[in-house]
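So you can see what is in the structure, the chains are spelled out below.
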Amino acid sequence: MTTKLSKKSISSTVLMGLAAITLSLGIYAPDAKATQNEPVAHLKEVERINDKLDQLTDKANSQLKKGLDNVVVQEPLNVQGDKLELSMNVEDISTKAVKQKKFNAKVKNTTPVFGFAHEVSGKFTYEKGKLKSSSYDAYLTGVFYSKSHSTKQHKLDPSVWEIRSRGTFKALKYTPVEYSSRVDVGLYGSGDYRVLKAKIN
């Protein structure tokens with residue numbers, strides 16, 4: 001803990017905002033009087049958020065399977081009204097010559113000011129049950145963080161490709177802590193698309 005973190009000049013509003021960040025923070029208590037129980041509490045909160053992300057992923061994929069192409073699902077996080085949100089979008093941009101779709105997956109928290117989001121988007125072409133090509137990128141947002149990501153494509157077989165994205169968020173001012181996120185997207189030769197994982201570390 002640094003001296004800055006224990007100063008009374010850090011308002012309770014700021015501390016509550018930092019504690020409520022939901023994509024990859026969980027509970028964080030920037031207090032000079034930290035206890036030995038805090039790491040356990042933090043791990044339990046991270047586990048709880050990941051459980052909620054699993055629920056969101058199941059709900060969103062279920063709606064995509066029903067044929068919906070623009071899905072937004074949320075889970076409440078706390079009594080302050082902050083939420084986890086997972087949005088998934090697919091747009092068919094096929095022509096007579098090429099079957100092609102755009103995709104987008106975004107996980108974010110709704111905490112004002114201190115929130116951040118991890119988004120993976122791109123497009124892919126497919127034909128006769130096989131994937132032909134794809135393009136993709138990841139976008140991280142959050143004004144109070146420096147951000148970086150590693151996003152790669154894995155071709156499991158001709159009909160199943162995965163886009164695996166890892167994001168890193170470093171709080172710039174109030175904490176020295178680093179947080180990470182994960183969004184994995186599955187692309188299929190049938191033209192389907194799913195979010196495979198939305199996790200935190």
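Residues numbered from 1 in each chain as written. Predicted model: local features only at pLDDT ≥ 70, side-chain atom pairs only at ≥ 80, totals over all residues. Heavy atoms only, no water.

Novice: Give me the sheet that holds strand E5 (residues 130-141): which residues, what numbers.
Specialist: In spatial order, the strands read E1-E2-E3-E4-E5; together these five strands make up an open sheet with antiparallel pairing. Pairing within the sheet leaves two strands with one partner each, and these edge strands are strand E1 (70-76) and E5. Adjacent strand axes in the sheet meet at a mean angle of 10° when their direction is disregarded. In this structure, strand E2 (residues 83-92) lies alongside strand E3 (residues 99-109), joined through nine bridges in antiparallel fashion. Within E3, the position partnered with Met88 by the bridge is Ala105. (Pairing = 2+ DSSP bridges. Helix = DSSP H or I, 4+ residues; strand = E, 2+ residues; numbered from the N terminus. Axes fitted to C-alpha atoms, helices over the stretch in contact; angles between N-to-C directions.)

Novice: Account for the pairing of strand E9 (residues 193-200), with residues named and values stated.
Specialist: Direction of pairing for strand E8 (residues 178-188) relative to E9: antiparallel, over a ladder of seven bridges. Looking at the pairing, Val185 lines up with Val195 of E9. The turn linking E8 back onto E9 is made up of four residues, and Gly191 within it adopts a positive phi angle of 95°.

Novice: Could you give an account of unusual backbone geometry, with specific residues and numbers?
Specialist: Phi at Lys128 takes a positive value of approximately 50°, unusual for a residue other than glycine. Secondary-structure assignment places Lys128 in the loop between strand E4 (117-127) and E5. For Lys128, a relative accessible area of 78% gives the class exposed. (Buried < 20%, exposed > 50% of the residue type's maximum accessible area, 1.4 Å probe, protein only.)

Novice: Now, about the pattern of salt bridges: what can you tell me, with residues and values included?
Specialist: Within this structure, the stated rule accounts for eight salt bridges. For the salt bridge of Arg166 with Asp184, the shortest nitrogen-to-oxygen distance reads 2.9 Å. Here the residue Arg166 occupies a position in strand E7 (residues 160-171), and Asp184 occupies one in strand E8, the gap between them amounting to 18 residues. Residue Arg166 is classed as partly exposed on the basis of its relative accessible area, which comes to 31%. As a salt-bridge pair, Asp184 and Arg182 come within 2.8 Å of each other at their nearest N and O atoms. Looking at Asp184, the relative accessible area reads 2%, which means it is buried. Within this structure, Lys52, Lys59 and Glu75 form a network of salt bridges that share partners. (Salt bridge = Lys/Arg side-chain N within 4 Å of Asp/Glu carboxyl O.)

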